[in-house]
Amino acid sequence: GDEVTARTGHDDHVPGGRQGQRTDVKGQFKIKYTVENMLTNDDDEFSASMLVRTTKRPFYDIMLDAAEKDDKFSFTSHDFPGMGQYITSLNGLEANTSQQTFWAFLHRGCYECLMPVGVSSYVPSPGEHVVLSFDSYDIFNRLPNCIWP
């Protein structure tokens with residue numbers, strides 16, 4: 001798989017209002033990208049959000065850019081031919097099938113839901129909040145799948 005490592009640490013939080021939905025430069029817009037750990041007590045070191053200026057492209061490409069800017073977004077992934085990238089670790093925290101833990105790919109807005117596709121296929125919309133959450137397989141019982149018209 002691919003491995004990305006970043007150099008600096010910095011948290012940037014999205015300001016209130018609808019500002020995140022504004023298109024700033026022709027073809028560019030902002031999304032919020034959050035990494036969180038729902039299972040262990042490492043949240044002070046771990047939870048991070050970043051406002052990302054981007055264009056319409058797969059979220060995986062946005063992850064690569066974020067990892068270059070902030071080491072809390074460094075990750076490893078495994079490429080499954082025909083399916084895309086599977087995130088195996090973020091910020092050094094690894095998914096573990098025997099412990100039934102993984103990196104859940106979520107949309108967070110008026111409600112929270114599991115993304116219907118992976119990071120290689122999903123293209124975020126302006127103002128969207130995309131989350132990678134370290135969680136257990138039980139999340140499939142707690143959250144619905146996202147359904148878009």
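Student: How do you make sense of the pattern of salt bridges when you look at a structure like this?
Tutor: Evaluation of the coordinates by the stated rule reveals five salt bridges. One salt bridge in this structure joins Arg-108 and Glu-36, with 2.8 Å as the shortest N-O distance. Residue Arg-108 is found in strand β7 (residues 101-108), and its partner Glu-36 is found in strand β2 (residues 29-37); the two are separated by 72 residues along the sequence. Here Asp-65 and Arg-57 are joined by a salt bridge, their closest N and O atoms 2.5 Å apart. When salt bridges that share partners are traced, they join Glu-36, Arg-108 and Glu-112 into one network.

Student: Whenever I open this one, the state of the cysteines confuses me. Can you help?
Tutor: Disulfides are covalent bonds that connect the sulfur atoms of two cysteines. Within the structure shown, the criterion is met by one disulfide. Sulfur-sulfur distance for the disulfide between Cys-113 and Cys-146 comes to 1.9 Å. Note on the Cys-113 and Cys-146 pair: the S-S dihedral is about 95 degrees, so by sign convention the disulfide is right-handed. Of the two residues, Cys-113 sits in strand β8 (residues 112-114) while Cys-146 sits in the segment after α3 (139-142), which places them 33 residues apart along the sequence. Accessibility assignment for this pair places Cys-113 and Cys-146 in one class, buried.

Student: In this structure, what is going on with the side chain of His-107? I would like to understand it.
Tutor: By secondary structure assignment, the location of His-107 is in strand β7. Ignoring sequence-local partners within four residues, the contact set of His-107 consists of Glu-112, Cys-113, Met-115, Glu-128, His-129, Cys-146 and Trp-148.

Student: Hey, could you run me through the confidence of the model for the protein in this one?
Tutor: Do not read the predicted coordinates in detail wherever pLDDT is low. Residue-level pLDDT values for the protein average 80, and 79% of them are 70 or greater. Low pLDDT, under 50, characterises residues 1-24; the stretch is placed with 53 contacts to residues that sit more than four places away or in other chains.

Student: Can you walk me through the side chain of Asp-70 in this structure?
Tutor: Topologically, Asp-70 is positioned in the loop between α2 (59-69) and β4 (75-80). In this structure the side chain of Asp-70 is engaged in a polar contact, spanning 2.8 Å, whose partner is the backbone nitrogen of Lys-72.

Rules of the game
Residues numbered from 1 in each chain as written. Predicted model: local features only at pLDDT ≥ 70, side-chain atom pairs only at ≥ 80, totals over all residues. Heavy atoms only, no water. Salt bridge = Lys/Arg side-chain N within 4 Å of Asp/Glu carboxyl O. Helix = DSSP H or I, 4+ residues; strand = E, 2+ residues; numbered from the N terminus. Disulfide = S-S within 2.5 Å. Buried < 20%, exposed > 50% of the residue type's maximum accessible area, 1.4 Å probe, protein only. Contact = heavy atoms within 4.5 Å. pLDDT = per-residue confidence, 0-100. Polar contact = N/O pair within 3.5 Å; in protein donor to acceptor, adjacent residues only side chain to side chain.

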